[in-house]
Amino acid sequence: MAAAGLLCTLGLGGCGAAGGGPASSSPVTLKSLAVSPTTSAVLLGSAQQFTVTGHYSDGSARDLTQSAEWSSVQPAIAAISAPGTAVAKRAGMATITAKSGSVSGTATLSVSAPSLVSLSLSPSGSSVPKGETLQFTVTGTFNDQNTQSMTGTTVWTTSSGAVASINSAGLATARNVGTATITVTSGTVSETATLTVTPPTLTAMVITPVNSSLGLGSKEQLLATGTFSDGSSQDLTPSVTWTSGTPAVASISASGLATTWSIGRATISASSGAVSESGSIVVLPVAAVDYFSNAHNGNAPDANLNLVNTGLTGGDLCAMVYVFDSSQEMNECCGCSVSQDAGMKTLSINNDLTSNTLTGVKLTTGVIRVIPADMASNPACNAGTVTPSGLVLPWATHIQYLAPGTFSTTEVDSELQPLGKDELSALESDCAFIQKLGSGHGVCTCGSGD
């Protein structure tokens, strides 16, 4: 019996129960799954790694993270992207499940949106002239370390609307000189910046007149008007810098007074800092009607015109003379040269200025128009076949019949404006018609010399 007992102990022989049957053992089975962490919280867009441990019937435990079947009960909030890895998709609560066979375990995942930590306002301190605007921008930093532009989603306020206003998009408008604090707020987070409003600045300038035509030897005062950032305007004539592109044609003084010196075109500019404007002056030939002599020869007056060449034209002038009756019909026409050297020439208009030479009708008024032109372009000074070349300038002198043998004259100031093409063409056509009629029918002649 002792030997048999020893063999049983060593397992070298079969030892049954008291009844003589074989011994029995239970299989090891999975009892539960434990998901870790059981409860967790993450920010939107981040991920949470879970692990699962299997606990068995024999008391052992094993990591089943890679072999378990993972799922999310709320995949719109958190979705499984890899074994045990849940990615936060939307704020809310999600239940994460790990399953092995018929055994499962769960954990809870809380997803929250990133919270704002701070605001960065730009520019933080700046100045802007009155009337102008300044765009502010704001960037938010969140607890997930991400940043985001929040310019259009925050609340903007100003400490002084009288100094500077600001709209919901962060655009500030400078209203009056001073300092205002600009504040941007989102929830409980805010930031400030200082805005200083300075006096208005010059933004544009206008020259008056911007373009003009002047006779030789004449002067004209130009004006410079500035427009400022607040919409106001101011006369800047004495403070701007005046320059002439061609001072030999027209010079300009520090006070804006232009003086013409030779025929041509000059660009006149006015500047103040970075703002400038320019215009032009066209200098025209000059033949000035000085006066008309007293009428003579009874009721058939002859008229003398004293024409002046200033000597600044660089050459002789053609004085184109056109005589009209009160019905605006041309009675006489001629072209006379006026030299630049002697300066003055007396032209005798030989026919009756107050009668229509074609009809013999006695009229009470007449008009003489003298138009200067550059002689180089019309050497013959023909008032009927060649229209005066270039820019020309009209003068008009009216002859009024008062009583038999008595007439008065009234000169009309020149407007210093070029004649239009249609008017020049009409003068040429009418004069050519009179020339065809012959000298006995109203063609004037040039009088005495210089």
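If you're wondering where the values come from, they're calculated on a predicted model, not measured in any experiment.

**Side note on the overall build of the chain**
Phase 1: Broken down by element type, the chain carries two helices and 38 strands.
Phase 2: With 450 residues in all, the chain has 38% of them scored as buried.
Phase 3: Taking the intrachain contacts of the chain between residues at least 6 apart in sequence as the baseline, contacts between residues at least 24 apart amount to 55%.
Phase 4: Counting only carbon and sulfur atoms, one obtains 53% of the accessible surface of the chain, whose full area is about 22,100 Å².

**Regarding the state of the cysteines**
Phase 1: With the rule as written, the count across this model stands at one disulfide.
Phase 2: Linked covalently through their sulfurs, Cys 333 and Cys 431 form a disulfide whose S-S length is 2.1 Å. Judged by the sign of its S-S torsion, about 85 degrees, the bond between Cys 333 and Cys 431 is right-handed. Placement of Cys 333 in strand E34 (residues 330-338) and of Cys 431 in helix H2 (residues 421-437) is noted, with a sequence separation of 98 residues between them. Just as Cys 333 is buried, Cys 431 falls in that class too.

**Comments concerning the confidence of the model for the chain**
Phase 1: Here the chain averages 79 in pLDDT, while 69% of its residues score no lower than 70.
Phase 2: Note on residues 286-301: pLDDT under 50 across the span, and 60 contacts to partners over four residues away in sequence or across chains.
Phase 3: For residues 389-402, every residue scores under 50 in pLDDT, and the model assigns this stretch 75 contacts once sequence neighbours within four places are set aside.

**Here we look at the packing of aromatic side chains**
Phase 1: All told, the structure shown has one aromatic pair when counted by the stated rule.
Phase 2: With centroids separated by 6.4 Å and ring planes inclined at 40 degrees, the aromatic side chains of Phe 136 and Trp 156 adopt a geometry described as tilted. Here Trp 156 lies in strand E16 (residues 155-158) and Phe 136 lies in the loop between strand E13 (133-135) and strand E14 (137-142), a separation of 20 residues in the sequence.

**Quick notes on the sheet that holds strand E2 (residues 39-43)**
Phase 1: If you trace the four strands from one edge of the open sheet to the other, you get E2-E10-E9-E6, paired in mixed fashion. Edge positions in the sheet fall to E2 and strand E6 (69-72), since each has one partner strand and no second. Along the sheet, successive strands turn relative to each other by an average axial angle of 25 degrees, direction set aside.
Phase 2: In the sheet, E6 pairs with strand E9 (residues 92-100) via four bridges, with the strands oriented antiparallel. Residue pairing across strands places Glu 69 opposite Lys 99, the latter belonging to E9.

Analysis parameters
Residues numbered from 1 in each chain as written. Predicted model: local features only at pLDDT ≥ 70, side-chain atom pairs only at ≥ 80, totals over all residues. Heavy atoms only, no water. Helix = DSSP H or I, 4+ residues; strand = E, 2+ residues; numbered from the N terminus. Buried < 20%, exposed > 50% of the residue type's maximum accessible area, 1.4 Å probe, protein only. Contact = heavy atoms within 4.5 Å. Areas by Shrake-Rupley, 256 points an atom, 1.4 Å probe, with all protein chains shown as cover. Disulfide = S-S within 2.5 Å. pLDDT = per-residue confidence, 0-100. Phe/Tyr/Trp six-rings, centres within 6.5 Å; stacked < 30°, edge-to-face > 60°. Pairing = 2+ DSSP bridges. Axes fitted to C-alpha atoms, helices over the stretch in contact; angles between N-to-C directions.

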